[in-house]
There are 2 protein chains.
Amino acid sequence: LDKTDVAVLVLDAQAGEMADDRALLRLVQARGIPYVIAINKADLLKNRPEIAPHALWVSALTGEGIDVLKKRIARLGQSVDAPRQLVADLLSPGDKVLLVTPIDASAPKGRLILPQQQTIRDILDAGAIPLLCRPEELPIALKALHAPPRLVITDSQVFSKVFQMLPAGQPLTSFSILFARFKGNLAQTAAGAQTLDTLKDGDTVLISEGCTHHRQCDDIGTVKLPRLIKKHTGKELAFAFTSGGEFPDDLSAYALVVHCGGCMLNDREMMHRMNLAASAGVPITNYGITIAHMNGILRHALRPFGESEQQTF
Amino acid sequence: LDKTDVAVLVLDAQAGEMADDRALLRLVQARGIPYVIAINKADLLKNRPEIAPHALWVSALTGEGIDVLKKRIARLGQSVDAPRQLVADLLSPGDKVLLVTPIDASAPKGRLILPQQQTIRDILDAGAIPLLCRPEELPIALKALHAPPRLVITDSQVFSKVFQMLPAGQPLTSFSILFARFKGNLAQTAAGAQTLDTLKDGDTVLISEGCTHHRQCDDIGTVKLPRLIKKHTGKELAFAFTSGGEFPDDLSAYALVVHCGGCMLNDREMMHRMNLAASAGVPITNYGITIAHMNGILRHALRPFGESEQQTF
């Protein structure tokens, strides 16, 4: 239920509501998950009793009620989260935003990576003007504009390089930070990253990967990050790893959790993991924020955001 | 074979090459399709005779030779087409290119459509600077730049509107035209569109859709285009339609073929259809070029390209 946006409780029309069903429904209600009760095999019933408004008759055999059920699920799904904005809420119409996007071997052939696409779209939706350039062309892109851009956004991996190329005072942030903010966990992950400076010999760091696509994940999650964290802290640390759906219920053994950006986990599950860490008093951060912190650019990259988003640190 | 980039002829090691295999091989060779012969069930053979260099022993049972076969196919596949460029070959490093992209209900939520993505990426690969704006923000985007952009690219549907907003002499083209050029059929489709002005009462126009995704396709292919073409020509025309893999071998009944952009067909199949039309002496054009022509903007939108690409008309 940790990752459930909308619950569909399927009952057997002939069996009616069983004890297990009632227990499950209580769990769903206790968590405040929107739900619908689908009473299946309705075709087998001659007389249908009155049912509650959140229940409906369906038949997987005849297809009766399936359309109504789908529409109900879609409507409940829409009510789950107020849509957050990536960057549009920081912009005014006509603002220029410069995206400095390295194009390397990891970029998909002939395309843009999803975070770049989503950011461009969000800027357009705000009535603002996105410009893109590779780090190599940054000086030309700046010179092309009459006035400095309202904001520069770049990749964590080239943040320092880009920072040094920009005039003093130019607002700059990273895609990682925009996405941590978009997912609603910027303050918690930015605060969590501070723990990297206070880790002690013998501490265990849990590195959690939301996806199970090992070939690409191994490198950063299980190899690159442990090496960088060891180097940054200079301590004798132990590392534990989880991937995909697995995530410990008890985090008390860990001094810090470093989670991936969570693009393969839905918002509810990511929120659940963030809450687990918060209730256990264990700091949690994410890959992009960790890299930004270790590169010494986190504070700077947070400046474009309001006080309220930085209150935790 | 019309859509075959690489042929893999699978033989039975025990049966050897049969008459049918030889006939098939001759067809493949006649069409100049790169091929490899995979002699399967190699595990059943005690003594293996000498084989040609374009043949290899494999066993689907033991996996023997499968890796080599995959690599061979990949290498043959790479040799099929010289990669074409969308727009990069028209640009110099540091050039500014303005993409005017309407964001309407048909745009995917929070993303960019693929042609926009691919164009942005191609511009970045050229070391140039893409800027994006909605048509509403076009005046602001132009004012943001020190010098006029090297090129403006926009959607066929707003071409006229954008054209009127630009200063005289500003090079302007459309995504449709870039993609017709990318697919190697700009000259033929642009020439084909001229036929729209000479259609006569009783002519039949074939409208061919490469995809079978009817919900979105129906509207433009079977409803919108026939209406626009009837209005443009003022003639009594008949329309015929094909979709997906179907395409008539004999085009002699048609005065004009209007094909979709062909994004769901591979280059070889699209080329085959273009060639069928050319050999039958039937003009062929595509949706985007047709709309551009009927909007009176085709000639203007072709200006950014060299003489050699316009030689047919």
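Residues numbered from 1 in each chain as written. Chains lettered and ligands numbered in written order. Predicted model: local features only at pLDDT ≥ 70, side-chain atom pairs only at ≥ 80, totals over all residues. Heavy atoms only, no water.

Residues and elements named next belong to chain A. Residues L1, L24 and L27 make up a contiguous nonpolar surface patch of about 240 Å² in total accessible area. With respect to the helices and strands, the residue L24 is situated in helix α1 (residues 19-30). On the basis of relative accessibility, which here comes to 39%, the residue L24 falls in the partly exposed class. (Patch = residues over 30% accessible without salt bridge, like charges linked within 9 Å, V, L, I, M, F, W, Y side chains within 5 Å. Areas by Shrake-Rupley, 256 points an atom, 1.4 Å probe, with all protein chains shown as cover. Salt bridge = Lys/Arg side-chain N within 4 Å of Asp/Glu carboxyl O. Helix = DSSP H or I, 4+ residues; strand = E, 2+ residues; numbered from the N terminus. Buried < 20%, exposed > 50% of the residue type's maximum accessible area, 1.4 Å probe, protein only.)

Time to look at the environment of A:M165. Residues and elements named next belong to chain A. When you line up the elements, M165 lands in helix α5 (residues 159-165). In this structure the C-alpha to C-alpha distance between M165 and P139, which are 26 residues apart in sequence, comes to 7.5 Å. Not counting residues within four places of it along the chain, the set of residues in contact with M165 comprises P135, L138, P139 and L142. (Contact = heavy atoms within 4.5 Å.)

Another point: the pattern of salt bridges. Counting across every chain of the model gives 20 salt bridges over all chains. Here A:R134 and A:E136 are joined by a salt bridge, their closest N and O atoms 3.6 Å apart. A relative accessible area of 17% means that A:R134 is categorised as buried. Among the ionic pairs, B:D125 bridges to B:R121, the shortest N-O distance being 3.0 Å.

All names here are of chain A. Burial analysis of strand β5 (residues 129-133) places five of its five residues in the buried class, the great majority of the element. Side chains I129, L131 and C133 of β5 all project onto a buried face; the interleaved residues P130 and L132 project onto the opposite face, where all are buried too. Sheet topology places strand β4 (residues 96-100) next to β5; five bridges connect them, and they run parallel. Across the sheet, residue L98 finds its bridge partner in β5, namely L131. (Pairing = 2+ DSSP bridges.)

All names here are of chain A. Scanning all chains against the criterion turns up two aromatic pairs over all chains. Their ring planes at 75° and their centres at 5.9 Å tell us that F179 and F182 sit as a pair that is edge-to-face. Residue F179 and its partner F182 are both found in helix α6 (residues 175-182); the two are separated by three residues, about one turn of the helix. (Phe/Tyr/Trp six-rings, centres within 6.5 Å; stacked < 30°, edge-to-face > 60°.)

Our focus in this paragraph is the interface of chain A and chain B. The partner chain B presents 32 residues to the 32 residues of chain A that form the contact. Across the chain A/chain B interface, buried area totals approximately 2800 Å², and carbon plus sulfur atoms make up 63% of it. Summed over the shared surface of chain A and chain B, the number is zero salt bridges. Elements supplying a minimum of two residues to the side of chain A that touches chain B: α3 (114-125), β5 and α4 (138-144) of chain A. Per-element tally for the side of chain A that touches chain B: the top contributor is α3(A), with seven residues. Taken together, the residues that form the side of chain A that touches chain B break down as 17 nonpolar, seven polar and eight charged. (Buried area = accessible area lost by both parts, 1.4 Å probe. Nonpolar A, V, L, I, M, F, W, Y, C, P; charged D, E, K, R; others polar.)

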